[in-house]
Amino acid sequence: MKYFIAICLLLLQQLAVAQSAKQPNIVVIISDDHAYQAISAYGSRFMQTPGIDRLAKEGAQFTNAYVTNSLCGPSRATFLSGKYSHINGFEDNDHSTFDFNQDIFVKRLQTAGYQTAWIGKMHLGENTPQGFTYYNILPGQGEYYNPDFISTGGKKTRHEGYVTNIITQLSEDWLGQRDASKPFCLVVGHKATHRTWMPDLQDLGAFDKQTFPLPATFYDDYATRKAAKVQDMTVAQTMQLGYDLKVFPSREEENKMGAVKRMSPAQRTAWDAYYDQVKKEFDEKKLTGKALTEWKYQRYIKDYLSTAKSLDRNIAELLHYLDTHDLTKNTIVIYMSDQGFFMGEHGWFDKRWMYEESFRTPMVMRYPGVIKPGTKINGYIMNLDIAPTLLQAGNAAVPDAMQGISFLPLLKGKAYTPRKAMYYHYYENTVHHVSPQFGIKAGRYKLIRYYERVNAWELFDLEKDPQELKNVYADKNYAKVVTNLKNQLLQLIEQYKDKEAKKLFLTPVAD
Ligand code: SGN
Ligand code: CA
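Below, the structure is looked at part by part. Because the structure is predicted, anything quoted here is derived from the model rather than measured. (Residues numbered from 1 in each chain as written. Chains lettered and ligands numbered in written order. Predicted model: local features only at pLDDT ≥ 70, side-chain atom pairs only at ≥ 80, totals over all residues. Heavy atoms only, no water.)

**Overview of the pairing of strand 5 (residues 134-137)**
Alright, step 1. As judged from the four bridges shared by strand 4 (residues 115-120) and strand 5, these two strands associate in the parallel manner. What sits directly across from Gly 120, in strand 5, is Ile 137.
Alright, step 2. By the bridge criterion, two bridges tie strand 5 to strand 6 (residues 148-151) in an arrangement that is antiparallel. Its bridge partner being in strand 6, Ile 137 is matched across the sheet by Ile 150. (Pairing = 2+ DSSP bridges. Helix = DSSP H or I, 4+ residues; strand = E, 2+ residues; numbered from the N terminus.)

**Describing the site of ligand 1**
Alright, step 1. Contacts to ligand 1 come from 15 residues, most closely from Cys 72, Tyr 243, Asp 350, Arg 352 and His 432.
Alright, step 2. In this structure, an oxygen atom belonging to ligand 1 sits 3.4 Å away from a side-chain N or O atom of Asp 33.
Alright, step 3. For ligand 1, the accessible surface in isolation is 460 Å², of which the surrounding protein chains cover 84%.
Alright, step 4. Looking at the shell around ligand 1, its residues break down into three nonpolar, five polar and seven charged. (Near = heavy atom within 4 Å. Polar contact = N/O pair within 3.5 Å; in protein donor to acceptor, adjacent residues only side chain to side chain. Areas by Shrake-Rupley, 256 points an atom, 1.4 Å probe, with all protein chains shown as cover. Nonpolar A, V, L, I, M, F, W, Y, C, P; charged D, E, K, R; others polar.)

**Re empty space enclosed by the protein**
Alright, step 1. For the coordinates displayed, the defined rule picks out one cavity of 30 Å³ or more.
Alright, step 2. In this model, the largest cavity occupies a volume close to 30 Å³.
Alright, step 3. Surrounding the largest cavity, 13 residues form its lining, Gly 205, Tyr 274, Lys 302, Asp 303 and Ser 306 being those nearest its centre.
Alright, step 4. Split into classes, the residues belonging to the lining of the largest cavity amount to six nonpolar, two polar and five charged. (1 Å grid on protein atoms, 1.4 Å probe; cavity = no way out; pocket = protein on both sides within 12 Å on 5 of 7 lines; lining within 4 Å. Points joined across faces, edges and corners; volume = space filled by probe spheres on them.)

**Concerning the side chain of Gln 115**
Alright, step 1. Here Gln 115 is to be found in strand 4.
Alright, step 2. A relative accessible area of 8% places Gln 115 in the buried class.
Alright, step 3. A distance of 2.7 Å separates the side chain of Gln 115 from the backbone oxygen of Asp 179, its partner in a polar contact.
Alright, step 4. Aside from chain neighbours lying at most four places away, what touches Gln 115 is Thr 133, Trp 174, Arg 178, Asp 179, Lys 182, Pro 183, Phe 184 and Cys 185. (Buried < 20%, exposed > 50% of the residue type's maximum accessible area, 1.4 Å probe, protein only. Contact = heavy atoms within 4.5 Å.)

**Here we look at the pairing of strand 10 (residues 363-366)**
Alright, step 1. The alternating pattern of strand 10 places Met 363 and Met 365 on one face and Val 364 and Arg 366 on the opposite face, and all of these are buried.
Alright, step 2. As paired elements, strand 2 (residues 60-62) and strand 10 share three bridges and run antiparallel to each other. Within strand 10, the residue paired with Ala 60 across the bridge is Met 365.
Alright, step 3. When strand 9 (residues 331-337) meets strand 10, the two strands line up antiparallel, connected through four bridges. Opposite Val 333, over in strand 10, you have Arg 366 as the bridge partner.

Right, dumping it as structure tokens:
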């Protein structure tokens, strides 16, 4: 009997091993507003990111990864559903709340035997998350210091400390107590590097010795681009000295800021010691005009990079946890941002546009035994493709209704047809005054149609104008290109069933 039990246990153990070998664990780390320009694997001129670079070295780096709608909620909704915003229902952060009754990949992974969790920033509205064995998420945008979290069942708990560190800790805690006989899928949602770029105390001043050259397009005059002229997202005008850059006219004004008010006395002392010095130097300089704008740029970049430094350190820490718990070999790890971000290009911060800095997102992926270390994937991949890819990797069926394409065959060196063109649609029309827009990127060209705030078309020849400064839509030499791209755009609109875009597409624009 004793032997029989021992043999049964052994068999069960082997079964579990075989099962997990077939079904890899999955960790997806999604940051917020982290620009590829700030990642050394992408050739950053700003900083080193050894944590993210490790994933690129040990796995694949996607050099042409893009999002369907460059905004926080819509990006996460597409990630979960594998569908464009007009199909999954989450079009913008202002009016949408995610309908968790719909088909999302985590639910299908659960059915396939996975434990699933989302920890950190989710930002999908008020509905109770479904599809997760466990969740512990920030309400809305969340806070950098002493953030509240809402866990499975709706319990709210305040955690003392810095948000990026806490999210890592909670992720490791969940991994530590999970049912180790089942594969897992963990989504780690970071708040960093979102506005208002509040660094961890240990990173205050980390970039103070450096001066960063302005991007070549910093003083863009937006000639030929109507929508770019009316936005409200410039370092010069929109970015605020107090709210964004922590240089307030007085302590009383600073005290009005909720994000600072919630700090503990010890945190606040360290915080003020640093920013009081910044304010002192600023006051002494008495800057105006361009000098003031350029000073703001330096401060923006320094705070932004400091939050990115903590983000990268925490990614390295989570990878270390996988190493020390014998999980590295059988775990897919994806790191990506919810979209790109402007680091002063065109004079801007924020995202939303179909312009490269915003549309394109950093993405790296490690999958031991499947992806050869140091792989570069240069084809077009969209955040739309992740759900079907992970379903396939987890041995779960990919529903036909998903609009993304699994790139697992590409990783495995099997038959795979890359997409030739990408479709984009952005809807929000409030904060930062970016006009709703949809468009197509196909190789050398990008065609964008703006509507609602501005009605206009833009065409860029990316070979001649990679910085997207010169709209050549009206240039007769490009007439054939316009016709051709419009045909392709209409095909994509129909393929993805975007009825609203089709109506707009068929409405002529009066120039
Ligand atoms: C907030 C920010 C905006 C940002 C949006 C969307 N202002 O409104 O600058 O564009 O979020 O960001 S803030 O003062 O509240 O920081 S997203 O990442 O959630 O889509
Ligand atoms: Ca975001």
